[in-house]
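# What the coordinates show
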Amino acid sequence: MNSLLLDISLTFMVIAIIPCIYRVIKGPTIPDRVIAVDAMTTVIVAILGIYSYVQGSVFFMDVALVLAIISFVGTVTISRYLDEGAVF
C-alpha cells in the first residue's frame, strides 16, 4: 500500500510539471518564465526526495539538495538582474 501511494504521488508530480513547461515556453514575460522554472525545480526536488525514499538511497537526496540551492541562487540572481539591471 505504501509503495502504491508513493507511485501515485510521483505520477501526479510528473503531471504537475506539464503546466510549468507550458508557462516556460509560452510565458508572456520573463518573470513568468522564471517563476515557472522555479516551480518546476521545486517539483523536481520533491520527486527526487520521494524517489530517494523509495530506492533507499541517500544519493538522490544530495542531488535534490544541490538542485534546490542552485535553483534558489539562480532565481534570486535573475530577479535582481531584472529589477536593478545588474547583479552586484
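Presented here is an overview of the structure given in this document. Here the residue numbers are simple positions, counted from 1 along each chain's written sequence. With the structure being a predicted model, the display of local features is reserved for residues of pLDDT at least 70 and the display and counting of side-chain atom pairs for 80 or more, all residues being used for whole-chain, interface and lining totals. As a convention, hydrogens and water are excluded, and side-chain values are obtained from all of the structure's heavy atoms.

### Description of the nonpolar core
The set of buried Ala, Val, Leu, Ile, Met, Phe, Trp, Tyr and Cys residues whose side-chain atoms join them within 4.5 Å is what this entry labels a nonpolar core. The buried label goes to any residue with under 20% of its type's maximum accessible area, the exposed label to any with over 50%, and the partly exposed label to all in between, with areas taken from a 1.4 Å probe on protein chains only. Leu 6, Leu 10, Ile 17, Cys 20, Met 40, Val 43, Ile 47 and Ile 50 together form the largest nonpolar core, which totals eight residues. Secondary structure elements follow DSSP: runs of H or I of four or more residues count as helices, runs of E of two or more count as strands, with numbering from the N terminus. Contributions of two or more residues to this core are made by helix H1 (2-26) and helix H2 (30-55).

### Quick look at the pattern of salt bridges
One side-chain nitrogen of Lys or Arg within 4 Å of one carboxyl oxygen of Asp or Glu is enough to make a salt bridge. Counted by the stated rule, this structure contains one salt bridge. Of the charged contacts, one joins Glu 84 and Arg 80 as a salt bridge, the two residues approaching to 3.6 Å between their closest N and O atoms. On the criterion of helical spacing, the pair formed by Glu 84 and Arg 80 is a turn pair, its members being four residues apart in helix H3 (residues 59-84). The partly exposed category is assigned to Arg 80, whose relative accessible area is 41%.

### Regarding the side chain of Thr 75
Mapped onto the secondary structure, Thr 75 falls in helix H3. At a separation of 3.4 Å, a polar atom in the side chain of Thr 75 contacts the side chain of Asp 38. We call two residues in contact when some of their heavy atoms are within 4.5 Å. Not counting residues up to four positions away in its chain, the partners in contact with Thr 75 are Val 34 and Asp 38. Residues adjacent in sequence count toward polar contacts only when both atoms are side-chain atoms; beyond that, a polar contact is any pair of N or O atoms within 3.5 Å, and within protein one must be able to donate a hydrogen and the other to accept it.

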